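A structural walkthrough
Next come the chains, spelled out residue by residue.
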Amino acid sequence: MSNDSTKFTRLPATDAERDDPERATRDAVVEFWTDRFGVPATTFADHTFWERGAGKIWLYRGEPPSPVDIEGLGMTFLRTRQEHWKPTLEAVQRFGGHATKNVVHLDRAQAATFVAGDDQELDWDGDWGYLIVTHDLAGESDPVGVGLYVYGELRSQVPKGRRRDL
């Protein structure tokens, strides 16, 4: 099935089931989260993946009723039709606690800079690219957002409407 930008269409499960070679598959989405962030594939066992628009992936727990006239389905989860796939803030806050790779932990001052939407220099020995950013909240490490690490700098990917001064 090909993508229709006006409707939610379920992602094909595998490469063999898709018509458009540019379109993501369920297997590829789960593999991305597993390879990039170490999130176990079983984390997504009860979820379905849907696309609306070019590469805007949504996640839904279970099976939606059909037919249904909707504008949103579950949560926005991932952007795939760009050079590097980008997880959404909501997805990282929901599933980032399962991550074991490409997670950067910030202290209080660094976290305040990050959630304000500001970039900062940061020593990081891991991969460049999108990272899950965490900070201690109520005594435990908690995902706060998506960062982009390049050239020794952590670039905040917190959307403008979600930025806060702490």
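One structure accompanies this document, and this report is about it. Everything quoted here is computed from the prediction, not taken from an experiment. (Residues numbered from 1 in each chain as written. Predicted model: local features only at pLDDT ≥ 70, side-chain atom pairs only at ≥ 80, totals over all residues. Heavy atoms only, no water.)

Some thoughts on the environment of K7
Stated formally: A run of H or I in DSSP becomes a helix once it reaches four residues, and a run of E becomes a strand once it reaches two; helices and strands are each numbered from the N terminus. Only protein chains enter the accessibility calculation, which uses a 1.4 Å probe; a residue is then buried when its area is under 20% of its type maximum, exposed when over 50%, and partly exposed in between. Contact between two residues is taken to exist if any of their heavy atoms lie within 4.5 Å; hydrogens are not considered.
Checked against the element boundaries, K7 lands in the segment before β1 (9-10). Judged by relative accessible area, K7 falls into the exposed class, the value being 52%. Along the chain, K7 and A24 lie 17 residues apart, while their C-alpha atoms are 16 Å from each other. With residues up to four places along the chain from it excluded, the contact list for K7 reads E51 and R52.

Notes on the sheet that holds strand β8 (residues 129-137)
To keep it simple, the criterion reads: At least two DSSP bridges between two strands are required for those strands to pair. Axes, fitted as lines to C-alpha atoms, cover a helix only where it is in contact. Angles between the N-to-C directions of the axes lie from 0 to 180 degrees.
Taken in spatial order, the five strands of this open sheet run β6-β8-β9-β10-β7, and their pairing is mixed. A single partner strand is all that each edge strand has here, and the edge strands are β6 (103-106) and β7 (120-121). Pairing geometry for β8 and strand β9 (residues 140-150), over nine bridges, is antiparallel. Each residue of the ladder has a partner; that of H135, found in β9, is D142. Lying over the sheet, helix α3 (residues 108-115) contacts β6, β7, β8, β9 and β10 (153-156), oriented at roughly 110° with respect to β6.

Some points on the nonpolar core
Inclusion rule: To qualify as a nonpolar core, a set must consist of buried Ala, Val, Leu, Ile, Met, Phe, Trp, Tyr and Cys residues joined through side-chain atoms within 4.5 Å.
Ranked by internal contacts, the top residues of the largest apolar core, which has 23 residues, are V29, W33, F37, F44, F49, F77 and L78. Of all elements in the fold, only α1 (26-37), β3 (56-61), β4 (75-79), α2 (89-95), β8 and β9 reach the threshold of two or more residues within this core. Here the element with the most residues in this core is α1; it accounts for five residues. Ignoring sequence-local partners within four residues, the contact set of F37 consists of F32, P87, A99, T100, K101, N102, Y130, L131 and I132. A111, F114, L122 and V158 belong to the second-largest nonpolar core, a separate cluster that totals 13 residues.

Here we look at the packing of aromatic side chains
Rules: Aromatic pairs are defined between Phe, Tyr and Trp rings, using the six-membered ring for Trp, whenever the two ring centres lie within 6.5 Å; interplanar angles under 30 degrees are classed as stacked, those over 60 as edge-to-face, and all others as tilted. In this scheme, the term charge over a ring applies when either NZ of a lysine or CZ of an arginine sits within 6 Å of the ring centre and within 35 degrees of the ring normal.
Considering all chains together, one arrives at 13 aromatic pairs under this definition. When the centroid spacing of 4.7 Å and the interplanar angle of 65° are considered together, the rings of W128 and Y151 count as edge-to-face. With W128 in the loop between β7 and β8 and Y151 in the loop between β9 and β10, the pair connects residues that are 23 residues apart, well separated along the chain. Its relative accessible area of 68% is what places Y151 among the exposed residues. Members of the aromatic cluster, each reached through a chain of ring pairs, are F32, W33, F37, F44, F49, F77, W85 and F95. Taking NZ or CZ as reference, R94 lies 4.5 Å from the ring centre of F95, over its face.

Observations regarding α1
Test applied: Given a helix with a known number of residues, its expected span is that number minus one, times 1.5 Å.
With twelve residues, α1 ought to run about 16 Å at 1.5 Å a step, and its terminal C-alpha atoms sit 16 Å apart, in line with that. Where α1 terminates, the next one or two residues include G38, which has phi positive at roughly 75°.

Remarks on the sheet that holds strand β2 (residues 47-51)
With respect to topology, five strands assemble into an open sheet ordered β1-β2-β3-β4-β5, the strand pairing being antiparallel. Edge strands, defined here as strands with exactly one partner in the open sheet, are β1 and β5 (86-87). Looking at chain direction, β3 and β4 are connected through four bridges and run antiparallel. Directly across from W58, in β4, lies its bridge partner T76.

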